[in-house]
Amino acid sequence: MLTEQKHSTKETAGKAAGIMGFTNILGGFSSYIMGWMRDMSGGDFTPTIMLLIVTAALGFIAYATTLKKESEEIRSFQA
């Protein structure tokens with residue numbers, strides 16, 4: 001028999017939608033932020049590249065912790 005498996009809850013779907021909306025808005029301003037940083041550093045791209053690396057690392061950490069919480073919730077539904 002097929003059983004319905006629930007892979008997310010309304011709360012986690014709402015959190016994901018909020019995070020996606022925030023990153024979408026911030027992504028629209030990223031070119032301006034990076035241009036401003038380059039102008040403030042006298043034309044050097046090093047600060048903007050460091051910003052990209054740091055934000056990518058933060059994004060990966062957020063993604064990894066979200067996956068851990070999501071897998072715990074799925075296990076609780078299956079129990």
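Here's a quick rundown of the structure. All values derive from a computational prediction rather than experimental measurement.

Conventions adopted
- Residues numbered from 1 in each chain as written.
- Predicted model: local features only at pLDDT ≥ 70, side-chain atom pairs only at ≥ 80, totals over all residues.
- Heavy atoms only, no water.
- Helix = DSSP H or I, 4+ residues; strand = E, 2+ residues; numbered from the N terminus.
- Buried < 20%, exposed > 50% of the residue type's maximum accessible area, 1.4 Å probe, protein only.
- Salt bridge = Lys/Arg side-chain N within 4 Å of Asp/Glu carboxyl O.
- Contact = heavy atoms within 4.5 Å.

## Some words on the overall build of the protein
Here is step 1: Scanning the protein from N- to C-terminus turns up two helices and zero strands.
Here is step 2: Looking at the protein as a whole, 6% of its 79 residues are labelled buried.

## Overview of the pattern of salt bridges
Here is step 1: Counted by the stated rule, this structure contains one salt bridge.
Here is step 2: Ionic pairing is found between Asp39 and Arg38, a salt bridge with its closest N-O pair at 3.3 Å.
Here is step 3: Accessibility expressed as a relative area gives 48% for Asp39, which makes it partly exposed.
Here is step 4: Judged by its relative accessible area of 29%, Arg38 falls in the partly exposed class.

## Some details on the environment of Pro47
Here is step 1: As for its placement among the helices and strands, Pro47 is situated in helix α2 (residues 46-78).
Here is step 2: Taking the C-alpha atoms as reference points, Pro47 and Met37, 10 residues apart in sequence, are found 6.8 Å from one another.
Here is step 3: Not counting chain neighbours up to four residues away, the residues in contact with Pro47 comprise Met37 and Ser41.

Nothing here speaks to function; it is geometry throughout.
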